[in-house]
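# Coordinate inspection notes
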Amino acid sequence: MEILTYAAFFLTTALIFAMITLGLNLQWGLTGLFNVGLAGFVAIGAYTSAILTTPDDPARIGGFDMPIIIGWLAAMLMAGAVAAVVGAATLRLKSDYLAITTFGVAVVVQLVALNAESLTGGPFGMGFIPRPMGSLAEQPLAFNLANLAFACGITLLLYLALEHLAQSPWGRVLKALREDEKAAAALGKSVRFFRIQAFAVGGAIMGLAGAVQAHFIGFIAPENYLPTLTFQIWTMLIVGGSGSNRGAVLGALIVWGIWAGSGTLVSALVPADYQARAAALQIVAIGVMLCVILLVRPSGLLGGKRS
Amino acid sequence: MTLQFLVDGLLSGSMIGLGAIGVTLTYSILRFSNFSHGDLMAWGTYATLVIFSGITALFGKVAPFAPLSFGWPLLIALAASMLVTGGLALLLDRVLFARLRARGQMIIVVMASFGASMALRSLLEFLFSSRPDYFSRAIQIAMPVGLGMRITPDQIALLALTLLLVVAVHLLMTHSQIGREMRAVSQNLALAKVVGIDVDRVVRFTWMIGGALACVAGVMIGILVQIRPLMGFDMLLPVFAAAILGGIGSIPGAVLGGLIIGISEAAAVQIIGAEWRAAVAFLILMAVLFVRPIGLFGVRER
């Protein structure tokens, strides 16, 4: 029973990563926009929803006790709006500027989460975030299975919506922009406007994923949104194959499997004094894996179909 | 509010500026923003620490230069580590960046540098743990220099070193053959090849200079603050902001950008509080991108 509970929890976590990866795939895989601060957008979603839906807390502003669905919609709006502003500032410039700016967004979001204690709870984070299946919390197995079903449902919806978008005229313009910007512009497509849209929608998806995760776990803190998260998601997308939504989901499952598995190995085999160091080695391994895949098989497992 | 923020800002601005020279060179000559540059700083610092400890182990404690906290062992360690860091940058280029560059998709190179950054930093954490280290635990007395400002002998020495290095790099770029070749490659790669410039040599020099200056910047942080695996990564945003503010490709611009950001940060620390320091670079970066994306001394890309 415990294994089943753990398996359900593992898969739920992996599916939330898959949602973020799907958002990144829209930005990078479909449109070619390089977001190195995606942890910031995930955090914006998580905090927005948490501030709106938690019960009133005298220690900080917020705690508006709103329904979860309002929190999630606001999370998408907020993360999408920030992404739109970043896009407007940088998408007329070379792609590196977008990378540097998104990197900065993640740094600033991390600062706000840590220091604006009256809004975000500071380093101790925020608790009492309402859970969508809260009534089941007494029975771990049922609770985790319900969460898993819920996460499956959202991921599937997201996947179908993104597949539909990619086939739509809008998605075809994005692909055209990625493949040959000049030709697309010559056909009268506003390069910058389409890219800002794609970047904002991708940001909104990341915000939603952050909010969903916050509500499943019930607690958020700034350290959930460090650059390591950005890096994990990138590895998931590259392993799965950028450009393919199925690849994004598969990559999330595989990389999270490797990550969680090696983490379990480390905590089982390495003496307690050396665990922090061994955990660092885990990141080294994933970093090397990312670089090797970029060198050897840049299209990943399922990517590379360029229609 | 005292004028002390000018001294503090000048110092952190020097470190940012030295880092920004490397970033601006790799961007203008190799045409990608190198996210692993901050980690080169950290690697340079740890290399200096290792060599420095080695010298101390061999020759025992050496008396520092009178008012300073360090003596010749640290200078020798620094000089050797500048070479080591340049070599590390070269190695990284050989193994990773050059191969991806050859395929022509520059943004993939940026991504690889992001992965390399993560791996390099965590490798430091594995080797040295995340506990901070120090070159010296001696405490220096700051001397008053008027107008309410104070400065320590170490700080004066490091400012002088920065000035020396910046002038040297500037002269190298403007008056030497390799400097002219570097500028030629950054302005027009195809034309540079046509006139017979050895592009590989230019690339090697770029990495050596960038790595060596990153090492100095890191060691300055090590002397004045502390040595941590994350020390370079934390500098990345101000360094990029300085390079963009100064105008990509411009060495005087990178240094000036670094000083502006350093002084603004120090002023913000005094006015708002130290916890918001890192936001300053981001605000300046956004302002530059909206108002004048080519920066102070930048040229429009062709």
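Residues numbered from 1 in each chain as written. Chains lettered and ligands numbered in written order. Predicted model: local features only at pLDDT ≥ 70, side-chain atom pairs only at ≥ 80, totals over all residues.

### A word on the overall build of chain B
Going by this rule: Each helix is a run of DSSP H or I of at least 4 residues and each strand a run of E of at least 2, with the numbering of both proceeding from the N terminus. Exposed residues have 12 or fewer other C-beta atoms within 10 Å of their own C-beta, buried residues have 20 or more, and partly exposed residues fall in between, where C-beta atoms are placed from the backbone.
What chain B contains, in helices and strands, is 11 helices and two strands. The helix and strand sequence of chain B, counted from the amino end, reads α-α-α-α-β-β-α-α-α-α-α-α-α. Seen through its principal axes, chain B has C-alpha atoms that stretch 55 × 50 × 35 Å. Every one of the 302 residues in chain B was classed for burial, and the buried ones make up 53%.

### What to know about the overall build of chain A
How we decide: In this treatment the radius of gyration is a C-alpha quantity, and the globule benchmark scales as 2.2 Å times the residue count to the 0.38 power. C-beta atoms are placed from the backbone for every residue, and two residues are taken to be in contact when these atoms lie within 7 Å.
Within chain A, the secondary structure is distributed over 12 helices and zero strands. In chain A, the order of α-helices and β-strands from amino to carboxyl end is α-α-α-α-α-α-α-α-α-α-α-α. Relative to a compact globule of 307 residues, whose C-alpha radius of gyration would be 19 Å, chain A shows 19 Å and is just as compact. C-alpha extents for chain A along the principal axes are approximately 60 × 45 × 35 Å. Within chain A, the fraction of its 307 residues that count as buried is 50%. Intrachain contacts of chain A at a sequence separation of at least 6 include 77% that bridge at least 24 residues.

### Quick notes on the packing of helix α1 (residues 4-30) of chain B against helix α9 (residues 236-246) of chain B
When two helices pack together, their arrangement is given by the angle between the helix axes and by the axis-to-axis distance. Residue and element names in this part refer to chain B. The following threshold applies: Orientation is described by lines fitted to C-alpha atoms, with helices fitted over the stretch in contact, and by angles between N-to-C directions that extend from 0 to 180 degrees. We call two directions roughly parallel when the angle between them is under 35 degrees, roughly antiparallel when it is over 145, roughly perpendicular when it lies between 65 and 115, and oblique otherwise. Should the near helix be turned counterclockwise from the far one by less than a right angle, the crossing is left-handed, whereas a clockwise turn marks it as right-handed.
In contact at an axis separation of 8 Å, α1 and α9 are set at 65° when each is read in the N-to-C sense. When the interaxial angle is binned, α1 and α9 end up roughly perpendicular. The handedness of the crossing between α1 and α9 is right-handed. For the pair formed by α1 and α9, the contact residues are I16, G17, G19, A20, V23, T24 and Y27 on the first element and P238, V239, F240, A242, A243 and G246 on the second.

### Observations concerning the environment of Q140 of chain B
Residue and element names in this part refer to chain B. With respect to the secondary-structure elements, Q140 resides in the loop between α4 (106-128) and β1 (143-146). Q140 sits 69 residues away from I209 along the chain, and the two C-alpha atoms are 31 Å apart. Setting aside residues up to four positions removed in sequence, Q140 forms contacts with S69, T152, P153 and D154.

### Remarks on the environment of S118 of chain A
Residues and elements named next belong to chain A. On the secondary structure map, S118 appears in helix α5 (residues 117-120). For the pair S118 and P58, spaced 60 residues apart in sequence, the C-alpha to C-alpha distance is 9.5 Å. In this structure S118 touches R60 and I61, once residues within four positions along its chain are discounted.

### Regarding helix α11 (residues 245-269) of chain A
Residue and element names in this part refer to chain A. Convention followed: To estimate how far a helix should reach, multiply one less than its number of residues by 1.5 Å.
Between the first and last C-alpha of α11 there are 36 Å, a value that for 25 residues agrees with the 36 Å anticipated at 1.5 Å per step. All of the buried residues along α11 are N245, G247, A248, V249, L250, G251, A252, V255, W256 and W259. The secondary structure elements touched by the buried residues of α11 are α1 (2-30), α6 (140-167), α10 (227-240) and α12 (275-296).

### Remarks on the interface of chain B and chain A
Just so we agree on the cut-off: Under this grouping Gly is polar, as are all residues other than the nonpolar Ala, Val, Leu, Ile, Met, Phe, Trp, Tyr, Cys and Pro and the charged Asp, Glu, Lys and Arg.
Contact with chain B, which involves 33 residues of that partner, is made by 32 residues of chain A. Listed by contribution, the elements that provide at least two residues to the side of chain B that touches chain A are α3 (72-102), α4, α9 and α11 (277-291) of chain B. Considering each element in turn, the side of chain B that touches chain A owes the most residues, 14 residues, to α4 of chain B. The residue makeup of the side of chain B that touches chain A, split by class, is 25 nonpolar, five polar and three charged.

### Let's talk about the packing of helix α5 (residues 153-175) of chain B against helix α6 (residues 177-187) of chain B
Residue and element names in this part refer to chain B. Running from N to C, α5 and α6 point in directions that differ by 75°, and their axes come no closer than 5 Å. One finds that α5 runs roughly perpendicular with respect to α6. For the pair α5 and α6, the contacting residues are L172, M173, T174 and H175 in the first and G179, M182 and R183 in the second. Looking at the contact of α5 with α6 residue by residue, the class counts come to three nonpolar, three polar and one charged.

### Some remarks on the pairing of β1 of chain B
Residues and elements named next belong to chain B. This is how the line gets drawn: Paired strands, as defined in this entry, are two strands with at least two bridges between them according to DSSP.
Where β1 and strand β2 (residues 149-151) come together, three bridges link them in antiparallel fashion. Paired with P144 across the bridge in β2 is R150. Taking the residues between adjacent antiparallel strands as the criterion, β1 and β2 are bridged by two residues, where L147 takes a positive phi near 55°.

### A short note on the confidence of the model for chain B
Let me state the cut-off plainly: Per-residue confidence from the predictor is reported as pLDDT, a score between 0 and 100.
Summing up the model confidence of chain B, the mean pLDDT is 90 and the portion of residues at 70 or higher is 99%. Here β1 of chain B is the element of chain B with the lowest mean pLDDT, 80, and α9 of chain B is the one with the highest, 95.

### Considerations on unusual backbone geometry
Negative phi is the rule for most residues except glycine; trans is the rule for most peptide bonds. The phi torsion at D65 of chain A lies on the positive side, around 60°, for a residue other than glycine. By the secondary structure assignment, D65 of chain A is in the loop between α2 (38-53) and α3 (68-90). Residues other than glycine seldom take positive phi values, yet S129 of chain B does so here, at roughly 60°. Summarising the element assignment, S129 of chain B is placed in the loop between α4 and β1.

### Let's talk about α1 of chain A
Residue and element names in this part refer to chain A. Rules: Throughout, bend refers to the angle between the axes fitted to the seven residues that end at a position and the seven residues that start at it.
With 29 residues, α1 should cover 42 Å at 1.5 Å per step; its first-to-last C-alpha distance of 40 Å lies within 8% of that length. Approximately 35° is the largest bend angle found in α1, and it occurs at L24. Burial runs high along α1: 21 of the 29 residues are buried. Backbone geometry just downstream of α1 places G32 in the positive-phi region, at approximately 80°.

### Details of the nonpolar core
As a reminder, the rule being used: Note on definitions: a nonpolar core is a set of buried residues drawn from Ala, Val, Leu, Ile, Met, Phe, Trp, Tyr and Cys, linked by C-beta atoms within 7 Å.
M19 and V42 of chain A together with V216 of chain B are the most contacted members of the largest nonpolar core, which has 199 residues in total. The element best represented in this core is helix α8 (residues 199-224) of chain B, accounting for 15 residues. Each residue touching V42 of chain A, except ones within four places of it in the same chain, is listed here: I20, M206, A209, G210, Y225 and L229 of chain A.

### Quick look at the confidence of the model for chain A
Overall, the predicted model of chain A reaches an average pLDDT of 88, with 98% of residues at or above 70. The weakest mean pLDDT in chain A belongs to helix α8 (residues 181-186) of chain A at 81; the strongest belongs to α2 of chain A at 95.

### What to know about the environment of C291 of chain A
Checked against the element boundaries, C291 of chain A lands in helix α12. Taking the C-alpha atoms as reference points, C291 of chain A and A46 of chain A, separated by 245 residues in sequence, lie 30 Å from one another. Not counting residues within four places of it along the chain, the set of residues in contact with C291 of chain A comprises L96, A112, G115 and A116 of chain B.

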